[in-house]
Each structure stands twice: as C-alpha cells, then as structure tokens.
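Per-entry structural report
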Amino acid sequence: MTEHQPFELTAELINEAINELFTIHDWLRWAVSQLNAADVYFGHGTDNPWDDAGQLMAFTLHFTHLAESALLQTRLTSSEKRRFAALVQQRIEQRIPSAYLTNQAYFAGLPFYVDERVLVPRSPISELITRQFADWFPVEAPQRILDLCTGSGCIAIACAHYLPEAEVDAVDISEDALTVADLNISQHGLEHRVFPIQSDCFAALPGQQYDLIVTNPPYVDAEDMADLPAEYHHEPELGLASGVDGLELTRKILREAAAHLTDNGVLICEVGNSMVALSEQMPEVPFHWITFNNGGDGVFALTKAQLVAHQQQFEE
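Read on for an overview of the structure. Every chain is numbered independently, its residues counted from 1 as its sequence is written. Residue-level local features of this predicted model are given only where pLDDT is at least 70; pairs of side-chain atoms are given and counted only at 80 or more, and the full residue set underlies all totals for whole chains, interfaces and linings. Processing note: side-chain calculations cover all non-hydrogen atoms of the structure and skip hydrogens and water entirely.

**A look at the pattern of salt bridges**
Note the following rule: By definition, a salt bridge exists where a carboxyl oxygen of Asp or Glu is found within 4 Å of a side-chain nitrogen of Lys or Arg. Secondary structure elements follow DSSP: runs of H or I of four or more residues count as helices, runs of E of two or more count as strands, with numbering from the N terminus. For every residue, the accessible area obtained with a 1.4 Å probe (protein chains only) is divided by the maximum for its type, and the residue is called buried under 20%, exposed over 50%, and partly exposed between those limits.
According to the stated counting rule, one finds 9 salt bridges in the structure shown. D169 is the partner of R144 in a salt bridge, and the nearest nitrogen-oxygen pair spans 3.3 Å. Linking R144 in strand 3 (residues 144–148) with D169 in strand 4 (residues 167–172), this pair joins segments that are 25 residues apart in sequence. Among the salt bridges present, the one from D245 reaches R251, with a minimum N-O distance of 2.7 Å. Classification of R251 as partly exposed rests on a relative accessible area of 22%. Shared partners join several salt bridges into a network, and the residues in it are D52, R91 and E231.

Have a look at this one:
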C-alpha cells in the first residue's frame, strides 16, 4: 500500500473553517488544501483535488455539477458547511473514493449509482462508445453487444444509450455487481434492451453470438495489487486482480471470444498497464492498440478473423 503523509483534519481546523469561510469558492479552496496536505490519491473519476472537492460539494448541495461560475460566490449555510466538511474528513481519514461517498459517478456523460460492490467507472472505452464504435462499424452499427465483466453496468448502458437500436447483454460473475447493474439499468429505463446475466466469462452464453464484445476485465498484476493506493482497497478485489501477470482472465477471453462473435464481429478489451506483458507474451498477435483523444491507453481491438487466425497462440 502506498504510504501517505500523516495528516489529521481536526475538529479545531473544521471549526475554524466554519467560522471564517463563507462561499462555495472559499470551501472548495479549503478542501483542496486539506486534500493536498493529506496526500490523498485521485484516480476514481477525478484526477485532481479541485474536481474531487467539486464532486463532494455538488453532492452536499444536491446539484448535479458546479458548472455556473457565479454559483461559486454564493454563501453556504452552517449545516451545509458541516456536511461538506464531514465528507472531506471521511475522504481523508478513510481514503474512500469520492464516488463511493456520493454514490454517483459519471461515465460517457451519463450518471451511475456506485458503491463498494462495483468498481468506480473510469474506462477510456467511454470515448469509443460516444463515437458509436464508428472505426469498426462505419456502415451499420452493432446490433447485438456483449459487455463482459459489466460491474455497475456503465459500459452496457452507455452502449444502449448511444446505439439506440442495439440490445446489450451485461455479464458479470458477481451477484453483488449485477444487483448494482440492475439498479442502473432501471434508472436509465433500459430494462427491455440491457439484460444482466450472471456468468463466469462466457459459461452461461452457449451458442450466443454478438457483433461486438466489449470488456473491461480485471487486469491488475500481483505486484501492482500489493502496491495500490489505499483508495483501491475500497473496491472489490474481484474486479481488479487477475493473477500474477494481470492477464489470467484476458487469456481466457482471447481463447473463447471468437466462438461468440458474428463473422464480422469485433472484440474490444481493456488491459491497462498489462498491455506490455500481453504484447511480450503474444508478439505475433496483431493487437490494434487504440489511441484516445481524451487520454488513456491499454485497450486493444481484434476482429473475429484475427482471433481465429491466432487461436493456437491463445491455447498455449
């Protein structure tokens, strides 16, 4: 676990802030100072203390976001100050990601309920979804999609939102995760187009074929798991760890995906930092590593034809 500097957000510091700070901007600045002093880790939907504090503030005030700059100069009530300070204190002392404190995260511009049964959505695959996977389906959008390792259901639901003709199977091994996914499916009104299915990889999908399989499986290797910042330990290990090299489940997906793709089907899979190990293990496989405009890497695409052509390497 990553070490952080000892810091305590004491009652004295909080009371001082309550007495001397007034506007939303005052309190956001104060929160940024406390988060920086505490050396918390950002990486669960935000990458900086200002956005992290803004997420907590919006939740405190029952806003979806703090987009209006004039809003920042408005004053907080004493109860609002105390609620916000309590969230910042919890964020610092317990190292809980802000998304779990607010039970909300955004993915592909859409809101999702999240808690510690699922990972906080943050995949760069969102960019491909908003572009409707046009690089691989320039003429006709995919009609049947499989979101493997769905977690909160964010990828499946976003696919259904941006591809309104598609039906999506949302698969996960975790009953807890599927409970959260089912809640999100209902909140987005997609019960008739997104279908949660419990399955260990493809086991519960015999004979099913899809135009597109998109998956963000666990891919953290054992060394990185041992060195993760404390915030990650609030997430389910089942959604992060995948063996010594981080590729245990990815290899299984590569072995079995071709049988579940239509003739012109495509597999899109995220492996994060394990992309180096995967490329080294399978140098002859023509992984297409996707470049993102909005940042992120470690996502590859393979067609069904490519998967079939290299099936022997996946079996080794």
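We are not done yet, so read on.
**A few points about the packing of helix 3 (residues 49–60) against helix 4 (residues 78–94)**
Filter applied, for reference: Lines fitted to the C-alpha atoms define the axes, with helices restricted to the stretch that makes contact. Angles between their N-to-C directions range from 0 to 180 degrees. Any angle between 65 and 115 degrees counts as roughly perpendicular, while under 35 counts as roughly parallel, over 145 as roughly antiparallel, and the rest as oblique. By convention, the crossing between two helices is left-handed when the near helix turns anticlockwise from the far helix through less than a right angle, and right-handed when the turn is clockwise. Whether two residues are in contact is decided by their heavy atoms: any pair within 4.5 Å suffices. Any residue outside Ala, Val, Leu, Ile, Met, Phe, Trp, Tyr, Cys, Pro, Asp, Glu, Lys and Arg is labelled polar, Gly included; the first ten of those are nonpolar and the last four are charged.
Contact pair helix 3 / helix 4: the axes reach a minimum separation of 10 Å and the direction vectors enclose 140°. Relative to helix 4, helix 3 is oriented oblique. In terms of crossing hand, the pair formed by helix 3 and helix 4 is right-handed. Contacts from D52, A53, L56, M57, F59 and T60 in helix 3 reach E80, R83, F84, L87, V88 and R91 in helix 4. Split by residue class, the contact of helix 3 with helix 4 holds 7 nonpolar, 1 polar and 4 charged.

**Looking at unusual backbone geometry**
Positive phi is not limited to glycine here, since N103 has a value of about 55°. Along the chain, N103 falls in the loop between helix 5 (98–102) and strand 1 (105–107). Its relative accessible area of 30% is what places N103 among the partly exposed residues. A positive phi is found at A108, a non-glycine position, where the angle reads about 55°. Secondary-structure assignment places A108 in the loop between strand 1 and strand 2 (110–112). You can call A108 buried: its relative accessible area is 13%.

**Examining helix 10 (residues 248–256)**
As a reminder of what qualifies: Throughout, the arc means the angular range of directions from the helix axis out to the C-beta atoms.
Taken together, the buried positions of helix 10 are L249, T250, I253 and L254. Each buried residue of helix 10 sits inside an arc of 140° when the element is viewed along its axis, so together they form one side.

**What about helix 8 (residues 175–187)?**
Basically, it comes down to this: One fewer than the residue count of a helix, multiplied by 1.5 Å, yields its expected span. Pairs of N or O atoms are called polar contacts if they sit within 3.5 Å, as long as, within protein, a hydrogen donor faces a hydrogen acceptor (for residues adjacent in sequence, only side-chain-to-side-chain pairs).
Under the 1.5 Å per step criterion, the end-to-end length of helix 8 is 19 Å for 13 residues, consistent within 8% with the ideal 18 Å. For helix 8, the set of buried residues is A177, L178, V180, A181, N184 and I185. For helix 8, the buried positions fall inside an angular range of 160° around the axis, keeping them on one side. Pointing more than 90 degrees away from the buried face of helix 8 are the exposed residues E175 and Q187. In this structure, the buried side of helix 8 is in contact with strand 2, helix 7 (154–162), strand 4 and strand 5 (194–198). Near the N-terminus of helix 8, the side chain that reaches the backbone nitrogen of D176, with its oxygen 3.3 Å away, is that of S174. Following helix 8 by one or two positions, G189 has its phi on the positive side, about 65°.

Geometric descriptors of this kind do not, in isolation, establish any biological role.
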